[in-house]
Amino acid sequence: MALISLKSLGVTMSAPLFSNLDLTIGSGDRLGIVAANGRGKSTLLKCLTGEMEPTSGEITRTRGLRVGHVEQSVPPDLLDRTFHQVVADALPPDQADSEMWRVDVALDSLDVPEPMRDRPMQALSGGWQRLALVARVWVTDPDILLLDEPTNHLDLARISQLEAWLDALPREVPVVIASHDRAFLDAATNRTLFLRAEQSPVFALPYSRARQALDEADASTARKFERDMKVAQQLRKQAAKLNNIGINSGSDLLTVKTKQLRERAERLEDAANPAHREKSAGAIKLANRGTHAKVLITLDDAAVETPDGMVLFRTGKRHICQGDRIVLLGRNGVGKSRFVTMIRKAIVEPDTVQNVKVTPSTVLGYSDQALAGINGDDTPLSMISRRYDVGEQRARSLLAGAGVVIEMQEKKIGVLSGGQKARLMMLALRLADPNFYLLDEPTNHLDIGGQEALEAELLTHQASCVLASHDRSFIRAVGNRFWLIDKRKLTEVEDPEGFFREVAAAGGWKAKDGHLQAGM
Ligand SMILES: Nc1ncnc2c1ncn2[C@@H]1O[C@H](COP(=O)(O)OP(=O)(O)OP(=O)(O)O)[C@@H](O)[C@H]1O
Ligand SMILES: [Mg+2]
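Rules of the game
Numbering of residues begins from 1 in every chain and follows the order in which that chain's sequence is written. Here the convention is simple: chains get letters from A, ligands get numbers from 1, in the order in which they are written. Since the coordinates come from a predicted model, pLDDT governs what is reported: local features require at least 70, and pairs of side-chain atoms require 80 or more to be given and counted, while whole-chain, interface and lining totals use all residues. Think of the side-chain values as coming from all heavy atoms in the structure, minus any hydrogens and water. Metal-coordinating donors are taken as N, O and S atoms lying within 2.8 Å of the metal, or within 3.2 Å when the metal is Na, K or Ca; because water is left out, some sites can appear incomplete. The way it works is that DSSP assigns letters per residue, a run of H or I at least four long becomes a helix, a run of E at least two long becomes a strand, and they are numbered from the N terminus. At least two bridges found by DSSP between two strands are what make those strands a pair. Here a residue-residue contact requires only that any non-hydrogen atoms of the pair lie within 4.5 Å. For helices, the fitted line uses only the C-alpha atoms of the stretch in contact; every axis is such a line through C-alpha atoms, and the angle between N-to-C directions lies from 0 to 180 degrees. These descriptions rest on fixed angle ranges, namely under 35 degrees for roughly parallel, over 145 for roughly antiparallel, 65 to 115 for roughly perpendicular, and the rest for oblique. As a working rule, the residues Ala, Val, Leu, Ile, Met, Phe, Trp, Tyr, Cys and Pro are called nonpolar, Asp, Glu, Lys and Arg charged, and the rest polar, with Gly in that last group. Burial status follows relative accessibility: with a 1.4 Å probe on protein chains alone, a residue under 20% of its type maximum counts as buried, one over 50% as exposed, and anything between as partly exposed. In this context, the arc is that of the directions from the helix axis out to the C-beta atoms. Any residue with a heavy atom lying within 4 Å of a molecule or strand is counted as near it. Definition of a polar contact: a pair of N or O atoms within 3.5 Å, with one able to donate and the other able to accept a hydrogen when the atoms are protein atoms, and with sequence-neighbouring residues admitted only if both atoms are side-chain atoms. All accessible-area figures derive from a Shrake-Rupley calculation using a 1.4 Å probe, and residue coverage is judged against the displayed protein chains alone. An automatic or database domain assignment supplies the start and end points of every domain. Buried area adds together the accessible area that both of two parts lose upon being put together, with accessible area traced by a 1.4 Å probe. Ring pairs are drawn from Phe, Tyr and Trp, using the six-membered ring of Trp, whenever the two centres fall within 6.5 Å, and their geometry is named by plane angle: stacked under 30 degrees, edge-to-face over 60, tilted for the rest. Charges are assigned to positions over rings by a cutoff of 6 Å between ring centre and Lys NZ or Arg CZ, combined with an angular limit of 35 degrees from the ring normal. Within this document, salt bridges are pairs made up of a side-chain nitrogen of Lys or Arg and a carboxyl oxygen of Asp or Glu, the two lying within 4 Å of each other.

## Points about the coordination of the magnesium ion (ligand 2)
Turning to step 1, where the next piece is worked out: Distances from the magnesium ion (ligand 2) to its protein donors, Ser42 (OG) and Gln72 (OE1), fall within 2.0 to 2.3 Å. Of the two residues, Ser42 sits in helix α1 (residues 41-49) while Gln72 sits in the loop between β5 (67-70) and α2 (83-88), which places them 30 residues apart along the sequence.

## Details of the sheet that holds strand β8 (residues 191-194)
Turning to step 1, where the next piece is worked out: Taken in spatial order, the six strands make up an open sheet running β5-β6-β7-β3-β8-β9, and their pairing is mixed. Of all the strands in the sheet, just β5 and β9 (202-203) have a single pairing partner and so form its edges.
Turning to step 2, where the next piece is worked out: Sheet contacts for helix α5 (residues 126-138): β5 and β6 (144-148); angle to β5, the most-contacted strand, approximately 170°.
Turning to step 3, where the next piece is worked out: In the packing of helix α6 (residues 156-168) onto the sheet, contacts are made with β3 (30-34), β6 and β7 (175-178), and the angle to β6 comes to roughly 160°.

## Things to note about the packing of helix α11 (residues 380-387) against helix α13 (residues 418-431)
Turning to step 1, where the next piece is worked out: Between α11 and α13, the least distance of the axes is 11 Å, while the angle of their chain directions is 10°. In terms of orientation, α11 lies roughly parallel with respect to α13. Where α11 approaches α13, its residues Pro380, Met383, Ile384 and Arg387 are matched on the opposing element by Leu424, Leu427, Ala428 and Leu431.
Turning to step 2, where the next piece is worked out: Partitioned by chemical class, the residues of the contact of α11 with α13 number seven nonpolar, no polar and one charged.

## Focus: helix α16 (residues 497-505)
Turning to step 1, where the next piece is worked out: Phe499, Phe500, Val503 and Ala504 are the residues of α16 that are buried. Axial view of α16: buried residues confined to an arc of 135°, hence all on one face. Structural note: α16 exposes Arg501 and Ala505 on the side pointing more than 90 degrees away from its buried face.

## Some thoughts on the site of ligand 1
Turning to step 1, where the next piece is worked out: In the vicinity of ligand 1, 21 residues are found, and the nearest of them are Gly38, Lys41, Thr43, Ser417 and Gly419.
Turning to step 2, where the next piece is worked out: One of the side-chain nitrogen or oxygen atoms of Ser42 is found 2.8 Å away from an oxygen atom of ligand 1.
Turning to step 3, where the next piece is worked out: At 3.1 Å, a side-chain N or O of His180 approaches an oxygen atom of ligand 1.
Turning to step 4, where the next piece is worked out: Considered on its own, ligand 1 offers 660 Å² of accessible surface; in the complex 88% of this is hidden by protein.
Turning to step 5, where the next piece is worked out: Those elements giving two or more residues to the shell around ligand 1 turn out to be α1 and α13.
Turning to step 6, where the next piece is worked out: Within the shell around ligand 1, the residues separate by chemical class into five nonpolar, twelve polar and four charged.

## Focus: the sheet that holds strand β13 (residues 317-321)
Turning to step 1, where the next piece is worked out: Spatial ordering of the open sheet is given by β13-β10-β15, a layout of three strands whose pairing is antiparallel. The outermost strands of the open sheet, each flanked by one partner alone, are β13 and β15 (356-358). Shown here is a sheet whose adjacent strand axes are inclined to one another by a mean of 15°, direction ignored.
Turning to step 2, where the next piece is worked out: Of the strands in this sheet, β10 (295-300), β13 and β15 are in contact with helix α10 (residues 336-348), which crosses β10 at around 115°.

## Here's the deal with the domain arrangement of the chain
Turning to step 1, where the next piece is worked out: Splitting the chain by domain gives domain 1 (2-212), domain 2 (213-271) and domain 3 (295-518).
Turning to step 2, where the next piece is worked out: Put simply, the middle of domain 1 and the middle of domain 2, counted by C-alpha atoms, are 49 Å apart.
Turning to step 3, where the next piece is worked out: Facing the nine residues of domain 1 at the interface are five residues of domain 2.
Turning to step 4, where the next piece is worked out: Considering only the side of domain 1, the residues that lose the most area to domain 2 are Arg196, Arg211 and Gln212, jointly responsible for 69% of the buried surface there.

## Considerations on the packing of aromatic side chains
How two aromatic rings sit relative to each other is set out by the distance from centre to centre and by the angle between their planes.
Turning to step 1, where the next piece is worked out: Scanning the entire structure with this criterion turns up seven aromatic pairs.
Turning to step 2, where the next piece is worked out: Ring geometry for Phe313 and Phe339: centres 6.1 Å apart, planes at 40°, overall tilted. Of this pair, Phe313 sits in strand β12 (residues 311-314) while Phe339 sits in helix α10, and the two are 26 residues apart along the sequence.
Turning to step 3, where the next piece is worked out: Note on Phe499 and Phe500: the rings are 6.2 Å apart at their centroids and 55° apart in plane angle, and the pair reads as tilted.
Turning to step 4, where the next piece is worked out: Residue classification places Phe499 among the buried positions, given a relative accessible area of 14%.
Turning to step 5, where the next piece is worked out: Under the relative-accessibility criterion, Phe500 is labelled buried at 7%.
Turning to step 6, where the next piece is worked out: Among the aromatic residues, those joined into a ring-pair cluster are Phe194, Phe203 and Tyr207.
Turning to step 7, where the next piece is worked out: The ring of Trp483 carries the charged tip of Arg318 above its face, separated from the ring centre by 5.7 Å.

## Here's the deal with unusual backbone geometry
Turning to step 1, where the next piece is worked out: Its identity is not glycine, yet Ser8 carries a phi of approximately 50°, on the positive side.
Turning to step 2, where the next piece is worked out: For Ser8, a relative accessible area of 34% gives the class partly exposed.
Turning to step 3, where the next piece is worked out: Located in the positive-phi region is Glu149, a residue other than glycine, with phi close to 50°.
Turning to step 4, where the next piece is worked out: Take Glu149: it is sitting in the loop between β6 and α6.
Turning to step 5, where the next piece is worked out: The class for Glu149 is buried, based on a relative accessible area of 3%.

## A look at the pairing of β12
Put simply, side chains in a regular strand alternate between the two faces of the sheet.
Turning to step 1, where the next piece is worked out: In this structure, strand β11 (residues 303-305) lies alongside β12, joined through three bridges in antiparallel fashion. Among the inter-strand pairings, Val304 is bridged to a residue of β12, identified as Phe313.
Turning to step 2, where the next piece is worked out: Two successive antiparallel strands, β11 and β12, enclose a turn made up of five residues, where Gly309 displays a positive phi of approximately 90°.

## Regarding the pattern of salt bridges
Turning to step 1, where the next piece is worked out: Scanning the model with the defined rule gives 25 salt bridges in all.
Turning to step 2, where the next piece is worked out: Among the salt bridges present, the one from Arg81 reaches Asp89, with a minimum N-O distance of 2.8 Å.
Turning to step 3, where the next piece is worked out: Arg81 sits in the partly exposed class, given a relative accessible area of 23%.
Turning to step 4, where the next piece is worked out: Judged by its relative accessible area of 41%, Asp89 falls in the partly exposed class.
Turning to step 5, where the next piece is worked out: Of the charged contacts, one joins Arg236 and Glu269 as a salt bridge, the two residues approaching to 2.9 Å between their closest N and O atoms. In this pair, Arg236 sits in helix α8 (residues 207-249) while Glu269 sits in helix α9 (residues 252-271), placing the two residues 33 residues apart along the sequence.
Turning to step 6, where the next piece is worked out: Here the salt bridges share partners, and the residues they tie into one network are Asp77, Arg81 and Asp89.

## Some details on the side chain of Thr291
Turning to step 1, where the next piece is worked out: Examined against the element boundaries, Thr291 turns out to sit in the loop between α9 and β10.
Turning to step 2, where the next piece is worked out: Classification of Thr291 as buried rests on a relative accessible area of 16%.
Turning to step 3, where the next piece is worked out: Engagement of the side chain of Thr291 in a polar contact is seen with the backbone nitrogen of Ala293, the distance being 2.9 Å.
Turning to step 4, where the next piece is worked out: Contacts of Thr291, omitting those with residues within four sequence positions, involve Leu296, Gln322, Ser361 and Asn435.

As structure tokens, then:
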């Protein structure tokens, strides 16, 4: 049964994001929405909830439909509430007492440990925050679930858990997922919508197979277009020939024939659809100013602590050297982000962190999980031209190159899409011209092209970096040293595979077909 129907739906910002979208979403649907950064995935989800009005077309929802929407980022007003409160507050006030059991059931079904439930959101890792948002929506007993980039910030174990949780949901509750995570889309969806400005194709297939079908459909459109244009060109040539003969011989018949040929050519040209061309979502470029120092940072068994002073783990004695691309491995919440924060503090406030020594020529490029380095109320243009001495003209062209179009450059950063914000952050990093990068989950929000570009830049510039990431293919492509945080200790390991396997095997998860699936 259709719960939501879209008819000729379209949203135009400075240019059309999507148009003429006809789609029904009903029971059994597990729909993936795929498109590059800034193409309107989050916007479409907001239209489905009713939070945003489309520019054209109609949305019909069944009467009284409860739509559950897990947003792409954590609403700031939730940050000082506890995990439990955030979920409980989602219950309608008249059900707060009688339905409180739902909160515990939701937290149990997501395996949230007891001590985690009373922590304020801002003290939770990005992964736990994400699960809190999922639980918060789930207790409202929605008839349809919309998930915006649900795997951002989640570690591998949590991603497989989310997959299993979605799989166990009643089939009559459709789930719509906007995501850049290919493996997750393959495991969690059975239909795929490729969101495009003109025509958005939908396939009754999960991502990888839908992608193949899409490539074939695009190739066949391209071939047909070429064929039609060739025929039109031949018709025009013939018409020109006949026209000449007609003029020389004064034949009316030939003039009519010429006209007919031209009209046929025109009709063919009008009806021909050129193949879809994917516009770039902007370039990602990094810089590396280099340094003569071989060792950048020395750790002398430093203690990594929670904000309230509890020791999470000790680092042991280690050096971070030029050319090292160190990946931090560890489950959600072991202290990867706290470690990154500690190194940052040691660089920007020298001599404030015990047992961490930083070489003075170190210049930091830092991006945190929540992109806190950019202020949503600022505009991209003022941020770039104020922070870096580049002048307005250059700032404008740098921004355009990074995917922030002219019309968006003087709007608030807050209205940019998640991926566009991440790309703006990458531009800021490049302009800081660092020789050491600290990156916490840098691929969150980036589309597939963006992830590959970031990999290539880190390698080309032989950037020295420490990074935390949950993205297996990114870790494999970029890392040349691997530091595993486990059981309150940091140890160096040869490669990340053992950690990947361990996560897959833990808690009854078993690896199958390259994905992680719930065991018996
Ligand atoms: N006021 C505005 N004027 C013009 N364009 C706008 C305005 N507000 C938002 N936009 C643009 O609308 C688009 C909204 O995209 P949306 O957030 O839906 O993208 P998305 O596909 O979810 O991207 P991501 O993968 O980065 O999350 C962006 O390109 C954004 O720059
Ligand atoms: Mg989005």
